[in-house]
Amino acid sequence: KLPAFLAKIESTLAQPDASVPKRSIVLDPMLDMITGQQTETTKLLERRVTQRMGLRFPQFEFLPFQSANLTRAQYLMTGTVSRVPSDGPRHLVRISLALTNLKTTLVVAQASALALEENLDGTPSPYYKDSPVLIKDKVVEGYAKTTAAAPGQHADPYYMERIAASSVISEATTLYNAERYQDALGQYKTALATPQGQQLRAESGVYLTNMKLGHVSEAEQAFGRIVALGIAYNELGVKFLFNPGSTEFWSDPKISGAYGMWLRQIAREMVAAGRCTKIVGHTSKTGPAAINDAISLKRATYIRQRLAAEQPVLATRTQVEGMGFRQNIVGSGTDNAFDVLDRRVEFKIVPCG
């Protein structure tokens, strides 16, 4: 019901005044911090929040999260849904909201509330469903830090410095979700043309749109840049989908057809970076733990063998580890596209020697 958040806005900001123009809020699309994605649940949360604020506070208006509106708006709204660790039978999530003054970057209102995870739809938007990697970087972390910041604190500076570029990326992602791939590609490239726009979300968007448009060479170059960003961030989670219980890639070439190219670029960028890597295999939550540990280790070993075939020097620069389902992100155990993040392979930068 968001009472705490609405009460803080009411006590912090001026009451309605018909003689004062409406103050504008831009809403950076909310994120499910369990997966780092935009989902049906986050879209529902956005609708609920904007509807209730509109009814309660007529002095505010919401503007689309676009670069032109950032100069007009006074406030930025962010929101997250995150899982609360629990040993009980009922799973909880924490919903957090924050309102930030764009000029001062001070958080003016923030509140969190617990909700049951039951009946929440975690289906990702098309962009996040199609993305080859787990979208996790300092911008996403900064978004989460901003949403959790107490009133009077500054929003995360790394996130705020990139807010203009993020709005362009958001516009591009909206176009991608609407299957306007050529237009989306242009917007992603516009974002990447600025230093602040060189984000994992933008490079992933360039990869996805080029793949949709049949520009395979450009897509491969983009995937190489995705890997380079992941190495720079010291972690890269790639969504390799395996057949259940095996080390064979998913049989449908529509899904696994690009995996050879992914491996080629991962091997190339690892060698170029001159770093050592731990390859960590993961499984979904189906079957006994011991079996899943063994399968995840075999999958990591298989990826290592494929990388070494591409670049022999990687045979001595890589380690393997099987995590089973102990680090599930989704945890549904459905063994389909819904819990694909649980069957990822992660590449973690580790010291050599």
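Along every chain, residues carry numbers that run from 1 in the direction the sequence is written. Local features in this predicted model are restricted to residues whose pLDDT is 70 or higher, and side-chain atom pairs enter the listing and the counts only when it is 80 or higher, whereas totals over whole chains, interfaces and linings include all residues. Remark: hydrogens and water are excluded; side-chain values derive from all non-hydrogen atoms of the structure.

1. Overview of the pattern of salt bridges
Formally: Definition used for salt bridges: Asp or Glu carboxyl oxygen within 4 Å of a side-chain nitrogen of Lys or Arg. Between buried and exposed lies partly exposed: a residue is buried under 20% and exposed over 50% of the maximum accessible area for its type, with that area taken using a 1.4 Å probe on protein chains only.
In this structure the tally under the stated criterion is 14 salt bridges. A salt bridge links E161 to R162; its shortest N-O distance comes to 3.3 Å. The class of R162 is buried, set by a relative accessible area of 15%. Among the ionic pairs, D183 bridges to R180, the shortest N-O distance being 3.0 Å. On the basis of relative accessible area, D183 is assigned to the partly exposed category, the value being 39%.

2. Section: the side chain of T318
The line we're drawing: Secondary structure elements follow DSSP: runs of H or I of four or more residues count as helices, runs of E of two or more count as strands, with numbering from the N terminus. Any pair of N or O atoms that falls within 3.5 Å is considered a polar contact. Within protein, one atom must be able to donate a hydrogen and the other to accept it, and sequence-neighbouring residues count only if both atoms are side-chain atoms.
As for its position among the elements, T318 is in strand β9 (residues 318-322). For T318, a relative accessible area of 5% translates into the label buried. A polar contact is formed between the side chain of T318 and the backbone oxygen of L314, at a distance of 2.6 Å.

3. Regarding the confidence of the model for the protein
Keep this limit in mind: Confidence scores per residue from the predictor, reported as pLDDT, run from 0 to 100.
Confidence in the prediction for the protein averages 89 pLDDT; 94% of positions are at 70 or higher. The least confident element of the protein, judged by mean pLDDT, is helix α1 (residues 3-12) at 73; the most confident is helix α8 (residues 181-192) at 98.

4. Quick notes on the nonpolar core
To be explicit about the condition: Only buried residues count toward a nonpolar core. Its members are Ala, Val, Leu, Ile, Met, Phe, Trp, Tyr and Cys residues joined through side-chain atoms within 4.5 Å. Working rule for contacts: check all heavy atoms of both residues, and any pair within 4.5 Å makes them a contact.
Counting 91 residues, the largest nonpolar core has M53, L99, Y207, F240, I303, L307 and F347 as the members making the most contacts within it. Here the element with the most residues in this core is helix α12 (residues 259-273); it accounts for 7 residues. Every residue in contact with Y207, bar those within four places of it in the chain, is listed here: P132, A219, A222, F223, I226, A258, M261 and W262.

5. Observations concerning the pairing of strand β4 (residues 75-84)
Our working rule: When DSSP finds at least two bridges between two strands, those strands are taken to pair.
Buried residues dominate β4, accounting for 8 of its 10 residues. In terms of strand pairing, strand β1 (residues 23-27) meets β4 through 3 bridges, oriented parallel. The residue of β4 that forms the bridge with L27 is M77. Alignment of strand β2 (residues 31-32) against β4, held across 2 bridges, turns out to be parallel. In the strand pairing of β4, L31 is matched with T80. Pairing analysis gives 10 bridges linking β4 to strand β5 (residues 92-101), with the strands arranged antiparallel. Each bridged residue has a counterpart across the sheet, and for L76 the counterpart in β5 is T100.

6. Focus: the state of the cysteines
As used in these notes, a disulfide is a covalent bond between sulfur atoms, one from each of two cysteines. Test applied: Count a disulfide wherever a pair of cysteine sulfur atoms falls within 2.5 Å.
Counted according to the given criterion, the structure contains 1 disulfide. Each sulfur of the disulfide joining C276 and C352 lies 1.9 Å from the other. The chirality of the disulfide connecting C276 with C352 is right-handed, given an S-S dihedral of about 110°. Here C352 lies in the segment after β10 (345-350) and C276 lies in strand β8 (residues 276-281), a separation of 76 residues in the sequence. The exposure class assigned to C276 is buried, which follows from its relative accessible area of 8%. The exposure class of C352 is partly exposed, given its relative accessible area of 47%.

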